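Here is how the chains run, residue by residue.
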Amino acid sequence: MNRTQHTLALSLMACALHSAFAADAPATAKPAAATASASSALSTVVVTATRTEKTLDELPPSVTTTDRSTLDDNFIRDFTDLGDRAEPGITITRQPRYGGTNINIRGLEGNRILMLVDGIRLPSTFSFSGRDTFIGQDMVDFGSLAAIDIVRGPGSTLYGSSALGGIVGLRTLDPSDLLKGGKKLGGRADADYDSADTSYGGRASVAGEMAEGTFWLAQVGGRKGNELDNKGENGGTGANRTEPDPQNTESRNALGKLQHYFEGGHKLGVTGEYRNTTTDTNLLEDLSSSVKSSRATDEQTRKRLSLDYDYTAPDANQWVDSATARVYWQTLDSDQHRYQVRTTAADYQRDGQYTESMKGTNGQLVKRFDGQISQEWVVGGEWWQSRTTEFAAGKPDSSTINTRTVPITNITQYGLFAQDEIGFGGGRFSLTPGIRYDNYRQNPEIDPILAAQIAAGTAVTPKDQSDSKFSPKLMASWKATETLTLYGQYAQGFRAPSVVEVNGEFTNAAFGYTLVPNPDLKPETSSGYEFGARFGTDQLGGTATVYDNRYRNFIEQVTLQQGDAGWVAGYPAGVFQNINIDRARIYGAEASGHWQFLPNWHSNASLAYAVGVNETEHTWLDSVAPLKAVFNVGYAVSQWGVDGSLTAASAKRHVSSNTLFEAPGYGVVDFSGWYKPVKDLRLSAGVFNLFDHKYWNSQDRQSSNGGPGTLLQADNVAIDRYTQPGRSFRVAASYLF
């Protein structure tokens, strides 16, 4: 690592160690902050939105959080469940072979949504059409989470590239989440079953205090299952099959933490995380007169090690009120392998191999100044570097296989940011300006494999690419009354082009088509206005938001015509390239409400509506989901509770082409309940899609020959293959000790 690029994080850690070991009190004495943390319940504080701890009522309504208890109460074990039962503005695209893949917020998905775990970036998504390589965003086990923060809209002022459409901040469990009431040892055991994919899972989480001020946590878990059910009724083989392909799935997860609290408000910690998923699919839909058998074995493994430092000032007389620093290492390895027996090849294989390794650091300082005009400054920066390696292996060998479709590439990015929350009018008004500078660079390598392709004329020499971006933001809030706060915000976002968009290339001379690279791509940018309100009390209240985001230089793959820049002769089936589209727009509205209309009763509702337009080509943006709403009503006392919910979506009518499937609207009813026979044992059960309704997720992807697939097509003879599960049930048990 470059020393100058790590100055902030290393300086903060050095200060922490110096202060801790120079303290007058013994280093093993547990500070008050640690004691309080150890006895508190799971935190409802949101950190992701402002990089500082804020409660929801201090934040715009575009920010939401889902805590551990809500995840448990609603049987939320993945992002699909989250969008269906808690966050209607969150849509998950799914493809039958690869499962839940990308998260869609306000019409943007994939690398346009920034994914964080404990404040650390997750690896990027990756796909290449026609190749057996697809990396989605399902990289973290929900059983390891304490909370999920969702920030809708541009977030690049604090987080830089990829926060174009929103941020998903995943927070893993801490020892304090299991050590309540001053316990020295505590834990939790969970088990559940889901009939929708006949899967069962379990995990054990244990935390303890090994010495005064030193805490640890260990968690292991796993899950096994099969293909996800649907409403298809046609079995057999081939393109007309609508029943799901037989599938076996398995995941294994581990999380470990060690933390020590020093006197003076310092905390040092180390976190290790491991997740492995494997999927074996019998691709009966592939079979034909020439394909006699087809199977896929897909495996992904993510590992993370991070060193953490946190500081909270013991009083207001310190130079800074709080500080954080992270240094991390992370790897993602993927091997997606398809085996076929063909009449033309007894051993036909396609093996998409992909690795992304990351290292980085981030840190920040927070200082508050009180007075008639208060200020809270947040300043910081981050640096990270990733190395991507992709190889399309297979048999039999040809000019289109055992090649690199993208070169080995080192990507280096860094950013510096500052934000000042200015309060005045007795705390009723606030004005928060912020700005961030980001710089990124892609440096491809020519290894012997790529060099041979260049020499054979099947690839061109890749080029470096670099650029930079300033991302400003201005937010204002007004607490009009004790029960009404109004918000307004202008923010910009950006996304650096991906490796495959800049230097991806592939030529199939036999079929007459080619994909050419585009090192001149500009970063995608956005600018958006948002206005919202939080109103009411804990008993009756809600939120409302309207937004309008404009995008420039959207990156999209197109077919070049003769005379276009980048077009090459000799490919009658098409010359493809990723280019910048001048303008796009997404606007919409979101609302939520809650009402405790009787003692022990609760109800809530939320909805999301968006419209997307490609203003260059004057077509609809297909990535924007139709109107969706979730309604819930329930009753709960200390020992038991029941809930009923309705998830409804309108038909998808805004499609860019009449060749796309216009998914009809739907309404799905779920019913669940829980019971505590003894103090620390909780039993839960639920029935989902109670009336066995047949419906589609408009954003799902259909199967393709190895790649990520396209949106559902209107002429797909097997459209029922992409229906959602019918009636299913889940049961779960959780025991605290």
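Because the structure is predicted, anything quoted here is derived from the model rather than measured. (Residues numbered from 1 in each chain as written. Predicted model: local features only at pLDDT ≥ 70, side-chain atom pairs only at ≥ 80, totals over all residues. Heavy atoms only, no water.)

Engineer: Give a detailed account of the overall build of the protein chain, specifying residues and quantitative values.
Structural biologist: For the protein chain, the helix and strand inventory stands at 7 helices and 35 strands. Its C-alpha atoms give the protein chain a radius of gyration of 26 Å, near enough to 27 Å, the size a compact globule of 737 residues would have. Projected onto the principal axes, the alpha-carbon positions of the protein chain cover approximately 75 × 60 × 50 Å. With 737 residues in all, the protein chain has 54% of them scored as buried. Long-range pairs, those at least 24 residues apart, make up 67% of the contacts in the protein chain between residues at least 6 apart in sequence. (Helix = DSSP H or I, 4+ residues; strand = E, 2+ residues; numbered from the N terminus. Rg over C-alpha atoms; globule rule 2.2 N^0.38 Å. Buried < 20%, exposed > 50% of the residue type's maximum accessible area, 1.4 Å probe, protein only. Contact = heavy atoms within 4.5 Å.)

Engineer: Any details on the pattern of salt bridges? Residues and values, ideally.
Structural biologist: This structure, assessed with the given rule, holds 54 salt bridges. When the shortest N-O distance is used, the salt bridge between E109 and R701 registers 2.7 Å. In this pair, E109 is assigned in strand β4 (residues 108-109) and R701 in the loop between β34 (681-688) and β35 (728-736), connecting sequence segments 592 residues apart. Classification of R701 by relative accessible area gives buried; the value is 18%. Notably, a salt bridge pairs D582 with R552, separated by 3.1 Å at the nearest N-O pair. You can see D582 sitting in strand β28 (residues 574-595) and its partner R552 sitting in strand β27 (residues 540-560), a full 30 residues away along the chain. On the basis of relative accessible area, R552 is assigned to the partly exposed category, the value being 35%. Residues joined by salt bridges that share partners form a network here, namely R77, D81, R85, D194, D197, D670 and R730. (Salt bridge = Lys/Arg side-chain N within 4 Å of Asp/Glu carboxyl O.)

Engineer: Run through the sheet that holds strand β6 (residues 120-121), naming residues and quoting values.
Structural biologist: Taken in spatial order, the 5 strands make up an open sheet running β1-β9-β10-β5-β6, and their pairing is mixed. Every interior strand has two partners, whereas the edge strands, β1 (63-67) and β6, have only one. The pairing of β1 with strand β9 (residues 145-152) spans 5 bridges and is classified as antiparallel. When the sheet's bridge partners are listed, T65 is paired in β9 with D149. (Pairing = 2+ DSSP bridges.)

Engineer: Pulling in residues and values, what's your account of the environment of V341?
Structural biologist: By the element assignment, V341 lies in strand β17 (residues 322-342). Residue classification places V341 among the partly exposed positions, given a relative accessible area of 34%. Discounting chain neighbours no more than four positions away, the residues touching V341 are S290, V291, K292, S293 and A346.

Engineer: Before we move on, can you summarise the UniProt feature "domain: TonB-dependent receptor-like beta-barrel" (unreviewed entry) in the protein chain with the specific residues and values?
Structural biologist: With numbering matched to this structure, UniProt assigns "domain: TonB-dependent receptor-like beta-barrel" (unreviewed entry) to residues 264-690. Spanning residues 264-690, this segment combines 3% helix with 66% strand, and its end C-alpha atoms are found 55 Å apart. (UniProt positions renumbered as here; feature names shortened; annotations may be inferred.)

Engineer: Describe the side chain of S161, naming the residues involved and giving the relevant values.
Structural biologist: Looking at the element boundaries, S161 is found in the loop between α5 (156-159) and β10 (166-172). A polar side-chain atom of S161 sits 3.0 Å from the main-chain amide nitrogen of A496. Leaving out residues up to four positions away in the same chain, S161 has contacts with L114, R121, Q413, D438, F494, R495 and A496. (Polar contact = N/O pair within 3.5 Å; in protein donor to acceptor, adjacent residues only side chain to side chain.)

Engineer: Pulling in residues and values, what's your account of unusual backbone geometry?
Structural biologist: That bond from K395 to P396 is cis: its omega, -15°, falls within 30 degrees of zero. Among the secondary structure elements, P396 is positioned in the loop between β19 (374-395) and β20 (409-424). With a phi angle near 65°, R51 is a residue other than glycine that sits in the positive phi range. Inspection of the secondary structure puts R51 in the loop between α2 (32-38) and β1. Since its relative accessible area comes to 13%, R51 is described here as buried. Positive phi is not limited to glycine here, since N600 has a value of about 75°. Summarising the element assignment, N600 is placed in the loop between β28 and β29 (601-614).

Engineer: Give me the lowdown on the packing of aromatic side chains, citing residues and values where you can.
Structural biologist: Any aromatic ring pair is given by two values, namely how distant the centres are and how the planes are angled relative to each other. A complete count under the given rule lists 22 aromatic pairs for this structure. On the numbers, 6.4 Å between centres and 25° between planes, the contact of Y735 with F737 is stacked. Of the residues examined, Y735 reaches a relative accessible area of 41% and is grouped as partly exposed. A cation sits over an aromatic face here: K367 above F369, 5.9 Å from the ring centre. (Phe/Tyr/Trp six-rings, centres within 6.5 Å; stacked < 30°, edge-to-face > 60°. Lys NZ or Arg CZ within 6 Å of the ring centre and 35° of its normal.)

Engineer: How would you summarise the nonpolar core if you had to cite specific residues and measurements?
Structural biologist: Across soluble globular proteins, nonpolar side chains show a tendency to be buried alongside one another. Counting residues in hydrophobic clusters, the biggest one holds 42 residues, and the most contacted among them are F79, I103, I148, V168, L170 and I586. Setting aside chain neighbours within four positions, we find L170 in contact with F79, L116, V117, D118, L122, V140, L145, A147 and I148. Counting residues in each nonpolar core, the second largest holds 14 residues, with L59, L114, L116 and V366 among its members. (Core = buried A, V, L, I, M, F, W, Y, C linked by side-chain atoms within 4.5 Å.)

Engineer: Could you give an account of the pairing of β17, with specific residues and numbers?
Structural biologist: Of the strand pairs in this sheet, strand β16 (residues 291-312) and β17 are connected by 21 bridges, and their pairing is antiparallel. Bridge pairing links T297 to H337 in β17. In this structure, the hairpin formed by β17 and strand β18 (residues 348-369) is closed by a connection of 5 residues.

Engineer: So what's going on with the environment of L690? Which residues, and what values?
Structural biologist: By secondary structure assignment, the location of L690 is in the loop between β34 and β35. Sequence separation of L690 and G236 is 454 residues, and the distance between their C-alpha atoms is 28 Å. Those residues within four positions of L690 in sequence are excluded, and the remaining contacts are V669 and R727.

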